[in-house]
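# Commentary on secondary and tertiary structure
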Amino acid sequence: MALGKEKFLQVYANLPLNLRKEIILVIGDEPITWNVAYSEVLGNTPLGKQVLRKLEELEIIKGD
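What comes next concerns the included structure. (Residues numbered from 1 in each chain as written. Predicted model: local features only at pLDDT ≥ 70, side-chain atom pairs only at ≥ 80, totals over all residues. Heavy atoms only, no water.)

### Describing the overall build of the chain
When you go through the chain residue by residue, the secondary structure sums to three helices and two strands. Tracing the chain from N to C terminus, the helices and strands come up as α-β-β-α-α. In summary, the chain has a C-alpha radius of gyration of 11 Å against a globular reference of 11 Å for 64 residues, a match within 12%. Principal-axis analysis of the C-alpha atoms places the extent of the chain at approximately 25 × 25 × 20 Å. Relative to its full complement of 64 residues, the chain shows a buried share of 31%. Put simply, of all contacts in the chain between residues at least 6 apart along the chain, 46% involve residues at least 24 apart. Summed over all atoms, the accessible surface of the chain reaches about 4300 Å², with 52% contributed by carbon and sulfur. Within the chain, the 9 negative side-chain charges are centred at a point lying 5 Å from the centre of the 8 positive side-chain charges. (Helix = DSSP H or I, 4+ residues; strand = E, 2+ residues; numbered from the N terminus. Rg over C-alpha atoms; globule rule 2.2 N^0.38 Å. Buried < 20%, exposed > 50% of the residue type's maximum accessible area, 1.4 Å probe, protein only. Contact = heavy atoms within 4.5 Å. Areas by Shrake-Rupley, 256 points an atom, 1.4 Å probe, with all protein chains shown as cover. Lys, Arg positive; Asp, Glu negative; His and termini not counted. Charge placed at Lys NZ, Arg CZ, Asp CG, Glu CD.)

### Considering the nonpolar core
Core analysis: the largest hydrophobic core is formed by 15 residues, its most contacted members being Phe8, Leu25, Val51 and Leu55. Elements supplying a minimum of two residues to this core: helix H1 (3-13), strand E1 (23-27), helix H2 (34-42) and helix H3 (46-57). With sequence-adjacent residues up to four places away left out, Leu55 is seen in contact with Phe8, Ile24, Leu25, Ile60 and Ile61. (Core = buried A, V, L, I, M, F, W, Y, C linked by side-chain atoms within 4.5 Å.)

### A short note on the packing of aromatic side chains
Here the structure, examined in full by the defined rule, presents three aromatic pairs. Ring geometry for Phe8 and Tyr12: centres 6.1 Å apart, planes at 25°, overall stacked. Of this pair, Phe8 and Tyr12 both sit in helix H1, four residues apart, roughly one helical turn. Classification of Tyr12 as buried rests on a relative accessible area of 9%. A centroid spacing of 4.4 Å and a plane angle of 15° characterise the contact between Tyr12 and Tyr38, whose relative ring orientation is stacked. Here Tyr12, found in helix H1, pairs with Tyr38, found in helix H2; they are 26 residues apart in sequence, far enough to count as distant. Taken together, the ring pairs in this structure connect Phe8, Tyr12, Trp34 and Tyr38 into an aromatic cluster. The ring of Tyr12 is capped by Arg20, whose NZ or CZ atom sits 4.2 Å from the centre of that ring. (Phe/Tyr/Trp six-rings, centres within 6.5 Å; stacked < 30°, edge-to-face > 60°. Lys NZ or Arg CZ within 6 Å of the ring centre and 35° of its normal.)

In short, the description is geometric, and any link to function would need to be established separately.
This is the structure in structure tokens:
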């Protein structure tokens, strides 16, 4: 598993359930919640990879 994905899953697992519905990013005018990000990252989709890159850029998660 890639380090960025692993770090994301660690952060996600420690989030309170009510925060998982909060918007964390906007990509292409589309709001991305923690729950959406989780689904995309887990599915290894192109959007999931983009989400990981953005979260690393914002230092919400620490990548490689």
